[in-house]
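This is what each chain is made of:
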Amino acid sequence: MGPAKKIPTHEKVKEALHLIRGGEGQFVEFKKKVNHPEKIIREVVAFANSSGGHLFVGVEDSGRISGVKYPEEDEYILSKAITDLCRPKISFSVDILQIQSDVEILHYRIEESDNKPHFAFLVKKHRYGKAFVRSEDQSIQASYEVRQILKRSKQVHQPIEFEEKTQELFRHFESHPCITLTEYSQISGLNKKLASNKLIHLALSGALKIQPKEGGDIFIPAE
């Protein structure tokens, strides 16, 4: 990561305004201030563990651009938090953009990582961090299943064997759009650990997609 550059180029400002007008979503997050950087790094981790994204500081949830009073100081604080409290290290860049003569914001670009999963150490003394992923406009703590899929996604996986437990799963999809781990455990008779391993394997093999949710992940057939 290089130092922030105060280069209010027309192209960068134009891109930032376009993204901000679109509102928060899968690839965009707004923060008004950097008062609690340890709370912001979960968004950075979520973007790195997903498909990347844009973090704007000085923008309210509504999309109103309020700006930051001390952009260089805020950039230093947040960039240091990302470097110190995220493991493995996350690749990002940051620009200080002058939107109006007296309004400046920070624009962080977080790349999708090839070294997932990343963890946010929300408290420095904690031995273990927490992984987050992006789901629409939310950063959700990653379940065991999501973490395993992220971790093993680059590996070569065994082909799917359509034995009885797998067939039961796909019969379920004939009348239901999705399934949870608990539901699959119930219909298959497998305990939670074995059911989890089966769903992880099917997701890694490309037969299923996992959709992280606050109340529990759901699995859907891959298109």
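One can find the structure itself at the top, above this paragraph.
If you're wondering where the values come from, they're calculated on a predicted model, not measured in any experiment.

### A few points about the overall build of the protein chain
Okay, step 1: For the protein chain, the count of helices and strands is seven helices and ten strands.
Okay, step 2: Dimensions of the protein chain along its principal axes, counting C-alpha atoms only, are 65 × 35 × 30 Å.
Okay, step 3: When each of the 223 residues of the protein chain is scored for burial, the buried share is 46%.
Okay, step 4: Considering only residue pairs separated by 6 or more positions, the protein chain has 65% of its internal contacts joining residues 24 or more positions apart.
Okay, step 5: As displayed, the protein chain has an accessible area near 12,400 Å², and 49% of this comes from carbon and sulfur atoms.
Okay, step 6: Of the side-chain charges in the protein chain, 33 are positive and 31 negative, and the distance between the mean point of each set is 5 Å.

### Some remarks on the side chain of E145
Okay, step 1: Inspection of the secondary structure assignment puts E145 in helix α4 (residues 144-152).
Okay, step 2: The charged side chain of E145 is buried without a salt bridge, its nearest counter-charge being R147 at 7.6 Å.
Okay, step 3: Every residue in contact with E145, bar those within four places of it in the chain, is listed here: L181, S196, I200, I210, D217 and F219.

### Observations concerning unusual backbone geometry
Peptide bonds are mostly trans, and most non-glycine residues show a negative phi.
Okay, step 1: Along the chain, R87 connects to P88 via a cis peptide bond; the corresponding omega equals -15°.
Okay, step 2: Mapped onto the elements of the fold, P88 is located in the loop between β3 (86-87) and β4 (92-100).
Okay, step 3: The amide bond that connects K116 to the next residue, P117, takes the cis arrangement and shows omega of 0°.
Okay, step 4: Within the secondary structure, P117 sits in the loop between β5 (103-110) and β6 (119-120).
Okay, step 5: A positive phi angle is found at E136, which is not glycine, with a value near 55°.

### Describing helix α2 (residues 37-49)
Okay, step 1: Its 13 residues give α2 an end-to-end C-alpha distance of 19 Å, which sits within 8% of 18 Å, the value for a rise of 1.5 Å per residue.
Okay, step 2: Within α2, ten of the 13 residues are buried, which leaves it mostly tucked inside the rest of the structure.
Okay, step 3: Residues of α2 that are buried include every one of P37, I40, I41, E43, V44, V45, A46, F47, A48 and N49, and no others.

### Comments concerning the pairing of strand β2 (residues 53-57)
Okay, step 1: Of all five residues in β2, five are buried; the element is thus mostly enclosed.
Okay, step 2: Side-chain alternation along β2 places G53, L55 and V57 on one buried face and H54 and F56 on a second face that is also buried.
Okay, step 3: Pairing of strand β1 (residues 28-31) with β2, which is carried by four bridges, proceeds in the parallel orientation. For V28, the partnering residue across the bridge sits in β2 and is H54.
Okay, step 4: Once you follow β1 into α2 and on to β2, the crossover reads as right-handed.

What counts, and at which threshold
Residues numbered from 1 in each chain as written. Predicted model: local features only at pLDDT ≥ 70, side-chain atom pairs only at ≥ 80, totals over all residues. Heavy atoms only, no water. Helix = DSSP H or I, 4+ residues; strand = E, 2+ residues; numbered from the N terminus. Buried < 20%, exposed > 50% of the residue type's maximum accessible area, 1.4 Å probe, protein only. Contact = heavy atoms within 4.5 Å. Areas by Shrake-Rupley, 256 points an atom, 1.4 Å probe, with all protein chains shown as cover. Lys, Arg positive; Asp, Glu negative; His and termini not counted. Charge placed at Lys NZ, Arg CZ, Asp CG, Glu CD. Salt bridge = Lys/Arg side-chain N within 4 Å of Asp/Glu carboxyl O. Expected span 1.5 Å × (residues − 1). Pairing = 2+ DSSP bridges. Right-handed = clockwise from strand over helix to strand, strands pointing away.

By themselves, these are just geometric observations and shouldn't be taken as functional.
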